[in-house]
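Residues per chain, in single letters:
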Amino acid sequence: SISTKPVEPPQPSAALQSLKTSRFLTIKEASDPSIYAGSALASPNPATNAAVNKKGQSFKYDAAFLLQFQNVFTEQPSTEFQSQVKNLIGDADGNRSASR
Amino acid sequence: STSKDADGKVITVFHDKENFNVKHQLQNKWTLWFTKPPSGKGENWNDLLKRVIDFDSVEEFWGIYNNIVPVSELAQKSDYHLFKDGVRPEWEDPQNKHGGKWAYQYKNKGNVDIDTLWLHIMLAAVGETLEDEEDGEIMGVVVNVRKGFYRIGVWTRTIGKHIPNRGDGDVSGGKGRSPAKGQEVLESIGRRFKEILKLPPTETVEFSGHTDSAHSGSSRAKSKFTV
């Protein structure tokens, strides 16, 4: 039988849902390597976040620490982001906003 | 997802990239802006400057970075601007008008990995490693794509002098910060900027005040400091 359900707007992915609902780590937690126990980042080199370890009063992150997230959070930050970017900036096919 | 919350267990994106319950806060909220190249229909700058997205976590930063057009694929006359929330990336903004910028221009576009350089400048901005905690100078970072060059810049609140309504304290623009210290803070930012861009000691990066640029009618105003 043919579904007569109306077309629904795209649902956010699990990763995007997690991004929206997760809480912020405290500064203390963010500078504690033990929170990563059992993860892919099980043994972070403390030197990769020397900045946060040094201070502990603000959220500072060294580039080496931040780069570890690069291939981990790859989801678009909202369900419309890619289409918004395509309209505003263009896409990788040389189809730039300027050419319209 | 109720079981993970029940015992208060911390699940980072490294434990489970789909179902995590904590994220890494940035010290500041940031806004990414884009300047569209003019279409030739007489738009003014305000029509071309577009707010793309606001964000305040490390995870969200990468979601944006991984899903946006890289600098190397932007059309000529495009810019990306990454500025602290509430600051428009224009020198006329009340929080920018007493400030200036460190800038470096890459004239050989084919020979430079602009995507990696821009990424690393953004990481230094959102990770708050361009300045020390009490410096209070960084407003944002920018990349310009032009016919003959790429230019990367770091915008600061002051040019090392005190500015109206910043009080008597030893803060950026405050009366308690001597011009010598103000200059040293800016030069320290300039040295970090140069290091992030991996420039050799033979190259110099230049600092200039925004109003100097505006009054001279060009962005090539006489530089105030170099490192």
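The model shown is predicted, which means the values in this text are computed figures rather than measured ones.

Observations concerning the overall build of chain A
What chain A contains, in helices and strands, is 5 helices and 1 strand. Listing each helix as α and each strand as β along chain A from the N terminus yields α-β-α-α-α-α. Scored against the burial criterion, the 100 residues of chain A give a buried share of 38%. Residue pairs in contact within chain A that sit at least 24 positions apart in sequence constitute 39% of those at least 6 positions apart. Summed over its atoms, the accessible surface of chain A is roughly 5900 Å², and 53% of this surface lies on carbon and sulfur atoms.

Thoughts on the packing of aromatic side chains
Tallying each qualifying case throughout the model produces 16 aromatic pairs over all chains. Judged by centre distance (5.9 Å) and plane angle (50°), the ring pair of F55(B) and F61(B) falls under tilted. For the pair F61(B) and W62(B), a centre-to-centre distance of 5.2 Å together with 80° between the ring planes defines the contact as edge-to-face. Comparing F61(B) with W62(B) shows no difference in burial state: the two are buried. A network of ring pairs unites the aromatic residues Y36(A), F59(A), Y61(A), F65(A), F69(A) and F14(B) as a single cluster. Above the face of the F24(A) ring, K23(B) is positioned so that its terminal group lies 5.1 Å from the ring centre. In this structure, K109(B) packs its charged tip against the face of Y150(B), placed 5.1 Å from the ring centre.

Here we look at the confidence of the model for chain A
Residues and elements named next belong to chain A. When pLDDT is averaged across chain A, the result is 78; 70% of the residues are at 70 or more. The least confident element of chain A is helix 3 (residues 50–55), whose mean pLDDT is 54; the most confident is helix 1 (residues 14–21), at 97. Scored below 50 in pLDDT, residues 93–100 shows 18 contacts in the model against residues more than four places distant or in partner chains.

Some thoughts on helix 3 (residues 58–65) of chain B
In an α-helix, one turn spans 3.6 residues; hence positions three or four apart end up facing the same way. Counting buried positions along helix 3 of chain B gives 7 out of 8 residues, so the element sits mostly inside the fold. Within the span of helix 3 of chain B, buried status applies to V58(B), E59(B), E60(B), F61(B), W62(B), G63(B) and I64(B).

Some thoughts on the interface of chain B and chain A
Many authors give the size of an interface as the accessible area that is lost as the parts come together. On the chain A side, the residues contacting the 51 residues of chain B number 52 residues. Carbon and sulfur atoms supply 64% of the area that chain B and chain A bury against each other, a total of about 4700 Å² over both sides. On the chain B side of the interface with chain A, the three residues burying the most area are F14(B), K23(B) and E133(B), jointly 16% of the side's total. Inspection of the region where chain B meets chain A yields 1 salt bridge. Between E60(B) and K20(A) there is a salt bridge; the shortest N-O distance is 3.8 Å. The tally of links from chain B across to chain A stands at 20 residue pairs in polar contact (both at pLDDT 80 or more). At the level of elements, strand 1 (22–23), strand 2 (25–35), strand 3 (49–57), helix 3 and helix 4 (114–126) of chain B are the ones that each hand at least two residues to the side of chain B that touches chain A. At 7 residues, the largest contribution of residues to the side of chain B that touches chain A is made by helix 3 of chain B. Taken together, the residues of the side of chain B that touches chain A sort by class into 22 nonpolar, 14 polar and 15 charged. Pairing between strand 1 (residues 23–24) of chain A and strand 1 of chain B: 2 bridges, direction parallel.

Here's the deal with helix 5 (residues 179–196) of chain B
Residue and element names in this part refer to chain B. Taking 1.5 Å per residue as the helical rise, helix 5 with its 18 residues ought to reach 26 Å, and the 26 Å between its terminal C-alpha atoms agrees with that figure. The complete set of buried residues in helix 5 reads G182, V185, L186, E187, S188, I189, G190, F193, K194 and I196. Buried residues along helix 5 sit against strand 5 (100–106), helix 4, strand 6 (138–145), strand 7 (150–156), strand 8 (206–209) and strand 9 (225–226). Trailing helix 5 by a residue or two, K198 shows a phi angle of about 55°, which is positive.

Brief notes about empty space enclosed by the protein
Residues and elements named next belong to chain B. Counted according to the given criterion, the structure contains 2 cavities of 30 Å³ or more. Considering the residues around the largest cavity, the lining is formed by 14 residues, among which Y65, I68, Y80, W118 and M122 are closest to the centre. Looking at the lining of the largest cavity, the elements that each hand over two or more residues are helix 3, strand 4 (78–84) and helix 4. Residues belonging to the lining of the largest cavity are distributed by class as follows: 13 nonpolar, no polar and 1 charged.

Quick word on the nonpolar core
All names here are of chain B. Y80 and W102 are the most contacted members of the largest nonpolar core, which totals 75 residues. Per-element tally for this core: the top contributor is helix 4, with 10 residues. Judged by nonpolar contacts, the second largest core, of 7 residues, contains L49, V87, M139 and W155.

Details of the sheet that holds strand 6 of chain B
Residue and element names in this part refer to chain B. Taken in spatial order, the 8 strands of this open sheet run 3-2-4-6-7-5-8-9, and their pairing is antiparallel. The open sheet has two edge strands with one neighbour each: strand 3 and strand 9. Bridging between strand 6 and strand 7 involves 7 bridges; their strand directions are antiparallel. Paired with N144 across the two strands is R151, which belongs to strand 7. Against the sheet, helix 4 makes contact with strand 2, strand 3, strand 4, strand 5, strand 6 and strand 7, and its axis sits at roughly 170° relative to strand 6, the strand it touches most.

The rules behind each value
- Residues numbered from 1 in each chain as written.
- Chains lettered and ligands numbered in written order.
- Predicted model: local features only at pLDDT ≥ 70, side-chain atom pairs only at ≥ 80, totals over all residues.
- Heavy atoms only, no water.
- Helix = DSSP H or I, 4+ residues; strand = E, 2+ residues; numbered from the N terminus.
- Buried < 20%, exposed > 50% of the residue type's maximum accessible area, 1.4 Å probe, protein only.
- Contact = heavy atoms within 4.5 Å.
- Areas by Shrake-Rupley, 256 points an atom, 1.4 Å probe, with all protein chains shown as cover.
- Phe/Tyr/Trp six-rings, centres within 6.5 Å; stacked < 30°, edge-to-face > 60°.
- Lys NZ or Arg CZ within 6 Å of the ring centre and 35° of its normal.
- pLDDT = per-residue confidence, 0-100.
- Buried area = accessible area lost by both parts, 1.4 Å probe.
- Salt bridge = Lys/Arg side-chain N within 4 Å of Asp/Glu carboxyl O.
- Polar contact = N/O pair within 3.5 Å; in protein donor to acceptor, adjacent residues only side chain to side chain.
- Nonpolar A, V, L, I, M, F, W, Y, C, P; charged D, E, K, R; others polar.
- Pairing = 2+ DSSP bridges.
- Expected span 1.5 Å × (residues − 1).
- 1 Å grid on protein atoms, 1.4 Å probe; cavity = no way out; pocket = protein on both sides within 12 Å on 5 of 7 lines; lining within 4 Å.
- Points joined across faces, edges and corners; volume = space filled by probe spheres on them.
- Core = buried A, V, L, I, M, F, W, Y, C linked by side-chain atoms within 4.5 Å.
- Axes fitted to C-alpha atoms, helices over the stretch in contact; angles between N-to-C directions.

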